[in-house]
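# Residue-level structural notes
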Amino acid sequence: MKNRLKVLRAERDWSQSDLAERLEVSRQSVNAIETGRYDPSLPLAFRIAALFDLPIEAIFSKD
Amino acid sequence: MRNPAARAYIRRFIPAMIVYVLMVAAATALSETALGRGPAIWGIALLPALPLLYVFWIIGRYLAEQHDEYVRMLEVRKALVATGLTLAVTTVLGFLEIYAEAPHLPLFFVPVIWFAGLCAGQIFNWIAERGDS
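Model, not experiment: these values are computed from the prediction.

Counting its regular elements, chain A contains 4 helices and 2 strands. Taking 63 residues into account, the globule formula puts the C-alpha radius of gyration at 11 Å, and chain A, at 10 Å, falls close to it. Once the C-alpha set of chain A is aligned to its principal axes, its extents read approximately 25 × 25 × 20 Å. Of the contacts formed within chain A by residues at least 6 apart in sequence, a portion of 51% connects residues at least 24 apart. Accessible surface for chain A amounts to roughly 3800 Å². Of this, 50% is attributable to carbon and sulfur atoms.

For the rest of this paragraph, the subject is the overall build of chain B. Secondary structure assignment for chain B yields 5 helices and 0 strands. Each helix and strand of chain B, ordered N terminal to C terminal, gives the series α-α-α-α-α. Against the globule reference of 14 Å for 133 residues, chain B gives a C-alpha radius of gyration of 18 Å, more extended than a compact globule. Taken along its principal axes, the extent of the C-alpha atoms in chain B is 60 × 45 × 15 Å. Partitioning the intrachain contacts of chain B with sequence separation of at least 6 by distance along the chain shows that 72% fall at a separation of at least 24. Carbon and sulfur atoms make up 74% of the accessible area of chain B, which totals about 8700 Å². Of the side-chain charges in chain B, 10 are positive and 9 negative, and the distance between the mean point of each set is 10 Å.

So, on to helix α3 (residues 27-34) of chain A. Residues lying three or four places apart along an α-helix face the same way, a consequence of the helix completing one turn every 3.6 residues. Of the positions making up α3 of chain A, those classed as buried are Ser 29, Val 30, Ala 32, Ile 33 and Glu 34 of chain A. Residues of α3 of chain A that are buried in the fold lie against β1 (2-3), α1 (5-11), α2 (16-23), α4 (42-52) and β2 (60-61) of chain A together with α4 (69-100) of chain B.

Here the idea is plain: a probe the size of a water molecule rolls over the atoms and shows the empty space left. All names here are of chain B. Considering only enclosed or pocket space, the second largest pocket measures out at about 180 Å³ in volume. Along the wall of the second largest pocket there are 11 residues; nearest its centre are Tyr 9, Ile 59, Tyr 62, Glu 75 and Lys 78. Contributing elements (two or more residues each) for the lining of the second largest pocket: α1 (4-31), α3 (49-65), α4 and α5 (109-132). Classifying every residue of the lining of the second largest pocket by side-chain character gives 9 nonpolar, no polar and 2 charged.

Together, Ile 10, Ile 14, Ile 18 and Leu 22 of chain B make up a nonpolar patch on the protein surface, roughly 370 Å² of accessible area in all. Secondary-structure assignment places Ile 18 of chain B in helix α1.

Another point: the interface of chain B and chain A. If you look at the interface, chain B gives 9 residues, while chain A gives 10 residues. Interface area lost by chain B to chain A is led by Asp 68, Glu 69 and Tyr 70 of chain B, which between them contribute 63%. Between the two partners, chain B and chain A, sit 1 salt bridge. Between Glu 129 of chain B and Arg 37 of chain A there is a salt bridge, with its nearest N and O atoms 2.9 Å apart. Counting every contact that joins chain B to chain A gives 5 residue pairs in polar contact (both at pLDDT 80 or more). Ranked by residue count, the leading element in the side of chain B that touches chain A is α4 of chain B, at 5 residues. Among the residues making up the side of chain B that touches chain A, the classes are represented as 4 nonpolar, 1 polar and 4 charged.

Scoring rules and cut-offs
- Residues numbered from 1 in each chain as written.
- Chains lettered and ligands numbered in written order.
- Predicted model: local features only at pLDDT ≥ 70, side-chain atom pairs only at ≥ 80, totals over all residues.
- Heavy atoms only, no water.
- Helix = DSSP H or I, 4+ residues; strand = E, 2+ residues; numbered from the N terminus.
- Rg over C-alpha atoms; globule rule 2.2 N^0.38 Å.
- Contact = heavy atoms within 4.5 Å.
- Areas by Shrake-Rupley, 256 points an atom, 1.4 Å probe, with all protein chains shown as cover.
- Lys, Arg positive; Asp, Glu negative; His and termini not counted.
- Charge placed at Lys NZ, Arg CZ, Asp CG, Glu CD.
- Buried < 20%, exposed > 50% of the residue type's maximum accessible area, 1.4 Å probe, protein only.
- 1 Å grid on protein atoms, 1.4 Å probe; cavity = no way out; pocket = protein on both sides within 12 Å on 5 of 7 lines; lining within 4 Å.
- Points joined across faces, edges and corners; volume = space filled by probe spheres on them.
- Nonpolar A, V, L, I, M, F, W, Y, C, P; charged D, E, K, R; others polar.
- Patch = residues over 30% accessible without salt bridge, like charges linked within 9 Å, V, L, I, M, F, W, Y side chains within 5 Å.
- Salt bridge = Lys/Arg side-chain N within 4 Å of Asp/Glu carboxyl O.
- Buried area = accessible area lost by both parts, 1.4 Å probe.
- Polar contact = N/O pair within 3.5 Å; in protein donor to acceptor, adjacent residues only side chain to side chain.

As structure tokens, then:
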């Protein structure tokens, strides 16, 4: 699965740690999601979508 | 390991290990007394096992209380590697004992192998992480 997390984060000038803090996960998790090593669960994907005020499909897409 | 689940794990693990050391000393001392020559030896022998059973429980609690799903996935993968290694080692040694008269491995070493397997699981995680990044 591909995602636009890094772009969305950069647009807001957030570091990985900033985003991790807002999502209440580790920076390691944000890095793993951004680099495509880990696909988040649906609840976490919803939290990410809510944080960026976007629908999930605007952030995550199939390969 | 700085999140609440990890802190709770450490807070539980350290006293468990202290109690384990004390129980080993107590079991050793008691087994050499008159009590150690009667049926009470069964209870004495169990003393060091109890804190280790608690350690298995706190590992389960750590996984249940870990709310960072990616970290939990890494920990579960580590435990799966440890379990697979333990099954592999004990299966091979079991057949070596039966057919090749290899020395008997006391069952006590099964959890020891599993804990060593956690280290192998950690290495597996590092390699997988580096390989994917």
